[in-house]
Amino acid sequence: MAAFRLSLKQRYLLLLCFAAGLIVAYQFSRNRHEVRMISRGDGLRANSSQFTLEGEPLRILGGSIHYFRVPRAYWEDRLLKMKACGLNTLTTYVPWNLHEPQRGVFNFQDQLDLEAYLRLAASLGLWVILRPGPYICAEWDLGGLPSWLLRDQNMKLRTTYPGFTDAVNSFFNQLIKRVVPHQYSEGGPIIAVQVENEYGSYAKDEKYMPFIKEALLSRGITELLLTSDNKGGLKRGGVKGALETINFQKLNRNDIKYLEGIQPQMPMMVMEYWSGWFDLWGDLHHVYTAEDMIPVVTEILKLDMSINLYMFHGGTNFGFMSGAFEVGLPAPKPMVTSYDYDAPLSEAGDYTTKYHLLRNLFSRYHAQPLPELPSHQERRAYHPVVIQQHLSLWDSLHLTDKPLKSEMPVNMENLPVNNNNGQSYGYTLYETTITSKGALNSKNNIRDRALVFVDKHLVGVLDYKTQELPLPDGKGKRTLSLLVENCGRVNYGETLDEQRKGLVGDIEINKRPLRDFIIRSLDMKPGFVNRLESSSHWMSMRQRPSFPGFFQTRLYVNSFPKDTFIKLPGWSKGVVFINGRNLGRYRSVGPQQTLYVPGPWLHRGDNQVIVFEEQETDGKIQFASSPDYGMTVDVQ
């Protein structure tokens, strides 16, 4: 033991060394902390004519890619292609209606894992501008607002009406706590956050934008705040403490001067430079040529402005998520399933002429060469498959939730389904008994379109244009059925509060309102599709099918699955499901003639295909290696 005894002097020296070590360790820790604070202490600032990040000038070269419109397996591919084009910033909306499908039930998993998307962007060296809404427009059903809000008959969306602000607060409690750790000041990629979206075009409540701003700040948002408006909305869409940005496609110097005038000596940014446009069923496919686009982008950059391409990659409105357009129209026109948008990166992630020209342009604003282009995704036109079985709509009704018996019509959102959150999407079947012939009049209370049946025989269609229909003669009691489709809620404009679907009022026969309905929800959610698959009621195609109906077949894939496109010539209108996933709506009226099928949603061997078709079929499904968006028209 004596060998280990220390003298008083030795112990004193050891204590000095230990203390010095503590000081060094603390100083190292402190310096390291200071380095981190210096490197991440001065985020995006708008205090001069240029943005600065860490005190250094930064021009934002941004592009929009929505995680909810791109299969998760392809997130990295699309973001790498963004980076290779010379962009440094990703922008994305957050769709409230997907993240809170029922009040108080939240989903941030799998395809909706926003945090995984943010981490991916950071790992690839992309900054992020987050646009959390709560309203996003985006050509998305109800602008991303959940339909259960409309169960409140007095609801005033996008205002400080308590029923709306309470719901926003509840959603933001869940969303923002997931966002805060990914801010720039926390070491994450988010350099700016948008306050609502294009409120200047709505502007029904002067207290609303301050409420949203405070909802963000009080939950820990510390990065630069922005607002985004088109030229007409700039005067009413801003909020104190947030930088205003502008949206447009054609450059108007007067608009730029106006923006400069209301924000002198501050950075100028085009938050949405529209690289193309959306499409409506029954119209033509919009294109905005590279020859028209590149000179405008070049001019924006010459003006020392920052830019965000909306969209850089549009993706797809899978399921029933596409919205509807109503501005200046007598009735809403639903949007197509594809959100290709004629963007620089196509719906399936292909490079376009726009992409290559933009890459060349943006390369001039980088000191280093741009990354190599990621490889092209291989695609395949699978052999046509023949429909094997069919199942009448009427024979599938036992697979739906318990029907509601109601004296009066009940709109879709107020049905007692989905834990009393109502029905959000799809079709609703209203049935009642009639005892007389005569004229059926919708009184414009059908939202949006109804197939009308008497004793299961189709007698016509009622919609916004056709509101009266003669019923055939018949004796005794007969069953009148109205299969009402929600074709997509309006996503922009001043009629958001009026977007209830189904039957929203009385239907009359011979000027007498119909009563005593049996109402079934046909939202075609995954649970229903699974029950449908295992039903024992499927019939061979040797027996004549009835319509509407479900049609089933198998696509056999003998190698690694590739992307493809479904074509349905000879079919009329309906919805396609592959392996239980809703690919979206198709309509023979076009312009869109193909539906995108992501390879990762297929697997080797048999893949189940179910088509819900309203009126006709040629009995087979075809595939193509490239899309067909129909006849084109230039964006005006």
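The structure reproduced in this document is the subject of the present report.

Analysis parameters
Once a new chain begins, its residue numbering starts again from 1 and follows that chain's sequence as written. Restriction of local features to residues with pLDDT of at least 70 applies here, the model being predicted, together with a cutoff of 80 or more for giving and counting side-chain atom pairs; totals for whole chains, interfaces and linings are based on all residues. Neither water nor hydrogens contribute to the side-chain values; these are computed over all heavy atoms in the structure. Helix and strand definitions here come from DSSP, where helices need a minimum of 4 consecutive H or I residues and strands a minimum of 2 consecutive E residues; each element is numbered from the N-terminal end. Our radius of gyration is a C-alpha quantity, and the globule rule it is checked against amounts to 2.2 Å times the number of residues to the power 0.38. Each residue gets one of three labels from its accessible area relative to the maximum for its type: buried under 20%, exposed over 50%, partly exposed in between, using a 1.4 Å probe on protein chains only. Note on definitions: a residue-residue contact is assigned when non-hydrogen atoms from the two residues lie within 4.5 Å. Note on areas: these come from Shrake-Rupley sampling with a 1.4 Å probe, and a residue is covered only by the protein chains present in the view. When charges are counted, Lys and Arg are positive and Asp and Glu negative, with His and the chain ends excluded. To locate a charge, take atom NZ for lysine, CZ for arginine, CG for aspartate or CD for glutamate. Helix axes use the C-alpha atoms of the stretch in contact, all axes being lines fitted to C-alpha atoms, and the angles between their N-to-C directions lie in the range 0 to 180 degrees. Relative orientations are named as follows: roughly parallel for angles under 35 degrees, roughly antiparallel for angles over 145 degrees, roughly perpendicular for angles from 65 to 115 degrees, and oblique for any other angle. Put simply, a crossing is left-handed when the front helix is turned counterclockwise from the back one by less than a right angle, and right-handed when it is turned clockwise. When residues are sorted by character, Ala, Val, Leu, Ile, Met, Phe, Trp, Tyr, Cys and Pro go into the nonpolar class, Asp, Glu, Lys and Arg into the charged class, and all the rest, Gly among them, into the polar class. Only buried residues count toward a nonpolar core, which is a set of Ala, Val, Leu, Ile, Met, Phe, Trp, Tyr and Cys residues joined through side-chain atoms within 4.5 Å. Note that the arc is computed from the directions linking the helix axis to the C-beta atoms. Whenever a nitrogen or oxygen atom comes within 3.5 Å of another N or O atom, the pair is scored as a polar contact, on the condition that within protein one atom can donate a hydrogen and the other can accept it, and that pairs from neighbouring residues in sequence are kept only if both atoms are in side chains. Between any two strands, pairing holds if DSSP finds at least two bridges.

### A look at the overall build of the chain
And then number 1: Of regular secondary structure, the chain possesses 11 helices and 37 strands.
And then number 2: A compact globule built from 636 residues should have a C-alpha radius of gyration of about 26 Å, and the chain, at 28 Å, falls within 12% of that.
And then number 3: Viewed in the frame of its principal axes, the chain has a C-alpha envelope of about 115 × 70 × 50 Å.
And then number 4: Taking all 636 residues of the chain together, the buried fraction comes to 57%.
And then number 5: Summarising the internal contacts of the chain: among those between residues at least 6 apart in sequence, 78% fall at separations of at least 24.
And then number 6: As displayed, the chain has an accessible area near 26900 Å², and 52% of this comes from carbon and sulfur atoms.
And then number 7: For the chain, the distance from the average position of its 71 positive side-chain charges to the average position of its 66 negative side-chain charges is 4 Å.

### Brief notes about the packing of helix H5 (residues 162-179) against helix H6 (residues 208-217)
And then number 1: Contact geometry for H5 and H6: axes closest at 10 Å, N-to-C directions at 25°. On the basis of their axis angle, the class for H5 and H6 is roughly parallel. For H5 against H6, the interelement crossing comes out right-handed. Contact residues: Phe164, Thr165, Val168, Asn169, Phe172 and Ile176 in H5; Tyr208, Phe211, Ile212, Ala215 and Leu216 in H6.
And then number 2: The residue makeup of the contact of H5 with H6, split by class, is nine nonpolar, two polar and no charged.

### Points about the environment of leucine 462
And then number 1: On the secondary structure map, leucine 462 appears in strand E22 (residues 457-462).
And then number 2: Taking C-alpha positions, leucine 462 is 5.8 Å from arginine 449, a pair spaced 13 residues apart along the chain.
And then number 3: Apart from residues no more than four positions distant in its own chain, leucine 462 is found in contact with Leu440, Ser442, Ile446, Asp448, Arg449, Ala450, Val452, Gln467, Glu468 and Leu469.

### Remarks on the nonpolar core
And then number 1: Counting 151 residues, the largest nonpolar core has Tyr273, Phe550, Ile566 and Ile621 as its most contacted members.
And then number 2: With eight residues, the top contributor of residues to this core is H5.
And then number 3: The residues contacting tyrosine 273, other than those within four sequence positions of it, are Phe248, Gln249, Tyr288, Met293, Val296, Val297, Ile300, Ile307, Asn308, Leu309 and Tyr310.
And then number 4: Core analysis: the next-biggest nonpolar cluster, separate from the first, contains 22 residues, Ala450, Leu469, Leu482 and Ile509 among them.

### A word on helix H8 (residues 253-262)
And then number 1: Buried residues of H8: Asp255, Ile256 and Leu259, and no others. For H8, the angular spread of the buried residues around the axis is 100°, confining them to a single face. Those residues of H8 that are exposed and aimed more than 90 degrees away from the buried face are Asn254, Lys257 and Gly261.
And then number 2: Looking at the buried positions of H8, the neighbouring elements they touch are helix H7 (234-237), strand E9 (243-248) and strand E10 (269-274).
And then number 3: The opening residue of H8 is asparagine 252, an N-cap whose side-chain oxygen sits 2.8 Å from the backbone nitrogen of asparagine 254.

### A few points about the sheet that holds strand E18 (residues 427-434)
Two modes of strand pairing occur in sheets, parallel and antiparallel, and in both the strands are linked by backbone hydrogen bonds.
And then number 1: One open sheet accounts for six strands, arranged E17-E28-E18-E24-E21-E22; its pairing is antiparallel. Edge positions in the open sheet fall to strand E17 (404-406) and E22, since each of these has one partner strand only. Direction aside, neighbouring strands of the sheet carry axes that sit 25° apart on average.
And then number 2: Judged from the five bridges that link them, strand E21 (residues 449-454) and E22 form a sheet pairing that is antiparallel. Paired with alanine 450 across the bridge in E22 is leucine 462.

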